[in-house]
Amino acid sequence: MTLIEDIRKFIQEEAERFGAKKNSEFNKPYIERNNTSDEALKDNGAYFGFIHPEEEMSGPFHDFSLTIFPSDQNKSWLVCLGIGSSGFKNDYELATFPGLRRLFSKLVDSQGYCKSSFSDIESNLPKSITVNPSLQHIENTIKTYTKVLPVCQIVENPSSDDFKL
């Protein structure tokens, strides 16, 4: 199993531990989107993430997602809370709740960023993220999603035990 597969499995297990029951035909806790093919990795556009279960398996989606931009070349990853390109449908109230931002701001260190408003889909990420030397391999991907990533954290060594807190 690759590191990316290991991390995906770990996140699924943690989601279960926090109450996301295993998928069943009629009660899915989330939809996983996985674009970590060799071609996506080679083009530095790989990602995987988890979205609301009522969304489609591909294409535009609404609301928050957990999105991870990995690398298979021992380079930094970017872990984000993202907002779907279709904007908000169910999560707008959650996005404006100050407690959510406070929660995430405690998880972000000097290698991350947290917007002042999670409902903000107009402001870009700061240059400390968009042109960060440790993220050059995914710079174009970050620029594509810069307005819809309200919080993100650079993970320099995703195979370390620190990543799996």
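An account of the accompanying structure is given in this report. None of the values given here were measured: they were computed from a predicted structure. (Residues numbered from 1 in each chain as written. Predicted model: local features only at pLDDT ≥ 70, side-chain atom pairs only at ≥ 80, totals over all residues. Heavy atoms only, no water.)

Let us look at the overall build of the protein chain. Looking only at helices and strands, one finds six helices and six strands in the protein chain. When the elements of the protein chain are put in sequence order from the N terminus, they spell out α-β-α-β-β-β-α-α-β-α-α-β. In terms of overall size, the protein chain behaves like a compact globule, its C-alpha atoms giving a radius of gyration of 15 Å where 165 residues would be expected to give roughly 15 Å. In terms of overall dimensions, the protein chain has C-alpha extents of about 40 × 40 × 30 Å along its principal axes. Considering the protein chain as a whole, with its 165 residues, one finds that 42% of them fall into the buried category. For the protein chain, the computed accessible surface area is about 9700 Å², with 49% contributed by carbon and sulfur atoms. (Helix = DSSP H or I, 4+ residues; strand = E, 2+ residues; numbered from the N terminus. Rg over C-alpha atoms; globule rule 2.2 N^0.38 Å. Buried < 20%, exposed > 50% of the residue type's maximum accessible area, 1.4 Å probe, protein only. Areas by Shrake-Rupley, 256 points an atom, 1.4 Å probe, with all protein chains shown as cover.)

In this structure, Ile 4, Ile 7, Ile 11, Phe 48, Phe 50, Ile 68 and Trp 77 are the most contacted members of the largest nonpolar core, which totals 15 residues. Those elements that provide at least two residues to this core are helix H1 (3-17), helix H2 (38-42), strand S2 (47-51) and strand S4 (77-83). With four residues, H1 is the largest single contributor of residues to this core. Grouped together as the second largest cluster of nonpolar side chains are 11 residues, Leu 78, Cys 80, Leu 135 and Ile 138 included. (Core = buried A, V, L, I, M, F, W, Y, C linked by side-chain atoms within 4.5 Å.)

Next up on the list: the packing of aromatic side chains. Throughout the structure, instances matching the rule amount to six aromatic pairs. Where Phe 64 meets Phe 88, the ring centres are 5.6 Å apart and the plane angle is 80°; that geometry is what we call edge-to-face. Taken together, the residues span a long stretch of sequence, with Phe 64 in strand S3 (residues 64-69) and Phe 88 in the loop between S4 and helix H3 (92-96) at a distance of 24 residues. (Phe/Tyr/Trp six-rings, centres within 6.5 Å; stacked < 30°, edge-to-face > 60°.)

Over its 15 residues, H1 extends 21 Å from the first C-alpha to the last, a length consistent with the 21 Å expected when each residue adds 1.5 Å. Residues of H1 that are buried include every one of Ile 4, Ile 7, Arg 8, Phe 10 and Ile 11, and no others. One side of H1 carries all its buried residues, which in axial view fall inside an arc of 160°. Downstream of H1 by one or two residues, Gly 19 has phi in the positive range, about 115°. (Expected span 1.5 Å × (residues − 1). Arc of directions from axis to C-beta.)

Two faces, one strand: in a regular strand the side chains alternate between the faces of the sheet. Within strand S6 (residues 151-155), five of the five residues are buried, leaving the element largely enclosed by the surrounding structure. The alternating pattern of S6 places Val 151, Gln 153 and Val 155 on one face and Cys 152 and Ile 154 on the opposite face, and all of these are buried. By the bridge criterion, five bridges tie S4 to S6 in an arrangement that is antiparallel. If you follow Val 79 over to S6, its bridge partner there is Gln 153. Sheet topology note: the strand S5 (residues 112-114)/S6 ladder contains three bridges and is antiparallel. Paired with Cys 114 across the bridge in S6 is Val 151. (Pairing = 2+ DSSP bridges.)

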